[in-house]
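The primary structure of each chain is shown beneath.
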Amino acid sequence: MSYLKNTFREVNNPQDFKQEYLSSPAHSFCDACDNIAQQQTSNFFEIATLEQLKRLHKNKTFSATRRKFYSIILLTGGTVQETIGYNTYTFEPGVLYFIPESQLHAIHHWSEDVTGYHCIFDADYFLLCLKNQVKLHQYPFFQHDKKPFIRLSSVETEMVAGLFNKLKEEHCNRQTFNDDLLVRLYLNVLLIETERIFLALHSEADPHMPRKEQLVASFKNLVTKHYYEYKQVSDYAKLLFVNPHHLNDTVKEITGNPASSFIHRQLITEAKAQLIQSSESIADIASHLNFADQSYFCRFFKKHTGITPMQYRHGHRHHGH
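This section reports on the structure supplied with the text. (Residues numbered from 1 in each chain as written. Predicted model: local features only at pLDDT ≥ 70, side-chain atom pairs only at ≥ 80, totals over all residues. Heavy atoms only, no water.)

## A word on a nonpolar patch on the surface
Here comes step 1: Judged by side-chain polarity, L181, L182 and L185 come together as a nonpolar surface patch covering roughly 240 Å² of accessible area.
Here comes step 2: Inspection of the secondary structure puts L181 in helix α6 (residues 181-201).
Here comes step 3: On the accessibility criterion, L181 (49% relative accessible area) is partly exposed. (Patch = residues over 30% accessible without salt bridge, like charges linked within 9 Å, V, L, I, M, F, W, Y side chains within 5 Å. Areas by Shrake-Rupley, 256 points an atom, 1.4 Å probe, with all protein chains shown as cover. Salt bridge = Lys/Arg side-chain N within 4 Å of Asp/Glu carboxyl O. Helix = DSSP H or I, 4+ residues; strand = E, 2+ residues; numbered from the N terminus. Buried < 20%, exposed > 50% of the residue type's maximum accessible area, 1.4 Å probe, protein only.)

And the structure:
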């Protein structure tokens, strides 16, 4: 697919999302968002109904972007046509579909009678909930070599819609950004219930995935398993029996990012999890992640986040566990 070689706009957060898709970028979907809109947060979660989004869509179609966060969408009425990754899908009521972080995505059509829920969140938001929880990349529906949707039964649709509704209710009843533990817990329940359904329906990789996308998906899956021990692109090229330059060029073509960025992102995500979810020293965390020393780990962390590990830990202490 030649269009994958193009540079696509990145949508990094809810503000970018509204600017890209909505005719009213300042619009909020609940009173709580209005009340605490001026406060800053390094993590985010947002949920809206598809009816709300459809009314505010500024175009009938939208060009491809890369969302730098995770999306889960439940369609309960109407139809939508969207591109996710390398394939274009038309979804009907009863479909739950997923857009992983950094996945190519485009909206081609939403019918006027569309109904359902649209939820977006970033990895940092998810990390702040439970200790030792399943990592986002381990959920099969967020893996790039798996189908990005499931068709639900009527009973499953009702159950999942209830979870989305509860998520929206709790999110819109917040008083402060520190007051949304229940939102995070319900998000975890939604992901766990979704995984059960997904695995019961299909756990195999998409057999129709083009060769280049297969290589990139295999690379990403290896990174999630071996980032502790392997930190160089050449290490993964050996595991995949390909030339390092070919691997890097293919990953860059398909994702828009160099292969090393996925290794670094995995390390940073794990570092953040350990900083938030444990009381271990920075030196111990550096050792767990197989960095040569604490100083190198701190420089690496600051280079990729803009702050030191201790600043990150202190910035999230008020969330508590």
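## Thoughts on the packing of aromatic side chains
The geometry of an aromatic ring pair is captured by two quantities: the separation of the ring centres and the angle between the planes.
Here comes step 1: Using the criterion set out here, one finds 27 aromatic pairs in the structure.
Here comes step 2: Note on F91 and F149: the rings are 5.3 Å apart at their centroids and 50° apart in plane angle, and the pair reads as tilted. Taken together, the residues F91 in strand β6 (residues 87-91) and F149 in strand β10 (residues 149-151) connect sequence positions 58 residues apart.
Here comes step 3: A relative accessible area of 2% means that F91 is categorised as buried.
Here comes step 4: Of the residues examined, F149 reaches a relative accessible area of 10% and is grouped as buried.
Here comes step 5: With centroids separated by 5.5 Å and ring planes inclined at 10°, the aromatic side chains of Y117 and F164 adopt a geometry described as stacked. Taken together, the residues span a long stretch of sequence, with Y117 in strand β9 (residues 115-121) and F164 in helix α5 (residues 154-172) at a distance of 47 residues. (Phe/Tyr/Trp six-rings, centres within 6.5 Å; stacked < 30°, edge-to-face > 60°.)

## A look at the nonpolar core
Here comes step 1: Membership of the largest hydrophobic core comes to 32 residues, with the highest contact counts inside it found for F219, Y236, L247 and F297.
Here comes step 2: Of all the elements in the fold, those that place two or more residues in this core are α7 (211-226), α8 (233-240), α9 (244-255), α10 (259-277), α11 (282-288) and α12 (294-305).
Here comes step 3: The leading source of residues in this core is α10, at nine residues.
Here comes step 4: Once residues within four sequence positions are removed from consideration, F297 is found in contact with A271, I282, I285, A286, L289, F291 and P309.
Here comes step 5: Core analysis: the second largest hydrophobic core is formed by 30 residues, F98, F121, L136 and V183 among them. (Core = buried A, V, L, I, M, F, W, Y, C linked by side-chain atoms within 4.5 Å. Contact = heavy atoms within 4.5 Å.)

## Looking at the pairing of strand β4 (residues 70-77)
Here comes step 1: Of all eight residues that make up β4, seven are buried, and the element is covered over most of its length.
Here comes step 2: Across seven bridges, the pairing between β4 and β9 is antiparallel. The residue bridging L74 from the neighbouring strand is Y117, located in β9. (Pairing = 2+ DSSP bridges.)

Just distances and angles here, no functional claims.
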